[in-house]
Amino acid sequence: EIIEAFSERAFLIFAAGALAAYVSQGMTFALSNYLYYFVWQLSEAQIAIYPLVLFFSVVAVFVTLGGLHRRYGKAQTGAVTTLVSMTFWLIPYGLHAAGYWPQLGSNAGAAMLFVFIFISNAAGVAAVISATSMVAEIVEAFEHKTGRRAEGSFYAGNWLVQKSATGLGILLAGGMLSLAAFPIGTAPGAVPAAVIASLIVMYCAAVLTLGLASAFWLARFPISRDDHERRLAAIAADHGAAP
């Protein structure tokens, strides 16, 4: 059953896009403390606002994603929101490198960062929901082709990809810290600028590469909304039920 799942073309395309996204996610999660405390030098009071930014970004997705799926489909929505998430996540690093960012640790800098995080996280959540929900279309396509349901195999395959990719992302994060020679036990603001710059360059290059790869594969998901609805009607007819 595992071999069948990983032999399904639609699932392989989905898995390729999901793999890149989950590697990037695992890498970012592992580096979060370094990014917020050492790169952006946020204070404890500013960090306390961060969960609220994430919460309201998810609320924004909740009220908008259904309309996006109906208008553009899951594949196009997933690909575009992946690019939007990547772009708005990287813009602050570009502005900081160009010298257009407010003083690190200031309230103005934190407010600007949270605006970009709000947009990036909302788009990222939309991309993950769009991609994950594609598994339902794969299940129906597989049933239409073989006459058998295989939700367990495909959803287990999705979780296998996610857990493996997240672990790879954590490994990449550790490698970046080692290559940058990030000092142990150093307080935020005391790390040499060259070390911070090296970490940022490696991290942003990885986010850019993985984001483009994820969007590329999600955009090529071969099952459209019309395809899915035709299959549902055919399956219902095979079972003698009304579509």
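Residues numbered from 1 in each chain as written. Predicted model: local features only at pLDDT ≥ 70, side-chain atom pairs only at ≥ 80, totals over all residues. Heavy atoms only, no water.

A. Structural detail: the overall build of the protein chain. Along the backbone of the protein chain there are eight helices and zero strands. The order of α-helices and β-strands along the protein chain, N terminus first, is α-α-α-α-α-α-α-α. For the protein chain, the residues scored as buried account for 43% of the 243 residues in total. In the protein chain, the proportion of contacts linking residues at least 24 apart, taken out of those at least 6 apart, comes to 80%. Counting 12 positive and 12 negative side-chain charges, the protein chain places the averaged centre of each group 6 Å from the other. (Helix = DSSP H or I, 4+ residues; strand = E, 2+ residues; numbered from the N terminus. Buried < 20%, exposed > 50% of the residue type's maximum accessible area, 1.4 Å probe, protein only. Contact = heavy atoms within 4.5 Å. Lys, Arg positive; Asp, Glu negative; His and termini not counted. Charge placed at Lys NZ, Arg CZ, Asp CG, Glu CD.)

B. The arrangement of the side chain of Asn-158 in detail. Tracing the chain through its elements places Asn-158 in helix α6 (residues 151-179). In this structure Asn-158 touches Phe-11, Phe-14, Tyr-22, Thr-132 and Val-135, once residues within four positions along its chain are discounted.

C. Representation of helix α2 (residues 9-39) in the model. Of all the bends in α2, the largest measures some 60° and sits at Leu-31. Just downstream of α2 lies Gln-41, where phi reads positive at about 55°. (Bend = angle between axes of the 7 residues up to and from the residue.)

D. A look at the packing of aromatic side chains. Under the counting rule described, the total for this entry stands at 16 aromatic pairs. Note on Tyr-34 and Phe-182: the rings are 5.1 Å apart at their centroids and 85° apart in plane angle, and the pair reads as edge-to-face. Linking Tyr-34 in helix α2 with Phe-182 in the loop between α6 and α7 (193-218), this pair joins segments that are 148 residues apart in sequence. Phe-182 gets classed as buried once you look at its relative accessible area, which sits at 12%. (Phe/Tyr/Trp six-rings, centres within 6.5 Å; stacked < 30°, edge-to-face > 60°.)

E. Structural view of the nonpolar core. Counting residues in each nonpolar core, the largest one holds 61 residues, and the members touching the most others are Phe-14, Met-27, Tyr-93, Phe-154 and Tyr-203. Listing elements by their share of this core, those giving two or more residues are α2, α3 (44-72), α4 (74-98), α5 (107-146), α6 and α7. For this core, the leading source of residues is α2, giving 14 residues. Not counting the four nearest positions on each side in its chain, Tyr-203 is found in contact with Met-27, Thr-28, Leu-31, Leu-35, Trp-89, Tyr-93 and Met-176. (Core = buried A, V, L, I, M, F, W, Y, C linked by side-chain atoms within 4.5 Å.)

F. Layout of the packing of α5 against α6. Two numbers describe how α5 lies on α6: the axes approach to 9 Å, and their chain directions differ by 150°. By crossing handedness, the relation of α5 to α6 is classed as right-handed. For the pair formed by α5 and α6, the contact residues are Thr-132, Val-135, Ala-136, Ile-138, Val-139 and Phe-142 on the first element and Glu-151, Phe-154, Tyr-155 and Asn-158 on the second. Counted by class, the contact of α5 with α6 contains seven nonpolar, two polar and one charged residues. (Axes fitted to C-alpha atoms, helices over the stretch in contact; angles between N-to-C directions. Left-handed = near helix turned anticlockwise from the far one by under 90°. Nonpolar A, V, L, I, M, F, W, Y, C, P; charged D, E, K, R; others polar.)

G. Just the confidence of the model for the protein chain, in detail. Scored by pLDDT, the protein chain comes out at a mean of 92, with 98% of its residues at no less than 70. Within the protein chain, helix α8 (residues 225-238) has the poorest average pLDDT of any element, 77, and α7 the best, 97. (pLDDT = per-residue confidence, 0-100.)

H. Broad picture of unusual backbone geometry. The residue Gln-41 is not glycine, and still its phi comes out positive at about 55°. Accessibility expressed as a relative area gives 29% for Gln-41, which makes it partly exposed. A positive phi is found at Ala-181, a non-glycine position, where the angle reads about 55°. The class of Ala-181 is exposed, set by a relative accessible area of 54%.

I. Highlighting the environment of Ala-205. Note that Ala-205 resides in helix α7. Classification of Ala-205 by relative accessible area gives partly exposed; the value is 40%. Between the C-alpha atoms of Ala-205 and Leu-90, which are 115 residues apart in sequence, the distance is 9.6 Å.

J. Region of interest: the packing of α2 against α6. Running from amino to carboxyl end, α2 crosses α6 at an angle of 40°, the nearest separation of the two axes being 7 Å. Our classification of the angle between α2 and α6 gives oblique. Considering how the two elements wind past one another, α2 and α6 form a crossing that is right-handed. Across the contact of α2 with α6, the residue classes tally to 20 nonpolar, six polar and no charged. (Parallel < 35°, antiparallel > 145°, perpendicular 65-115°, else oblique.)

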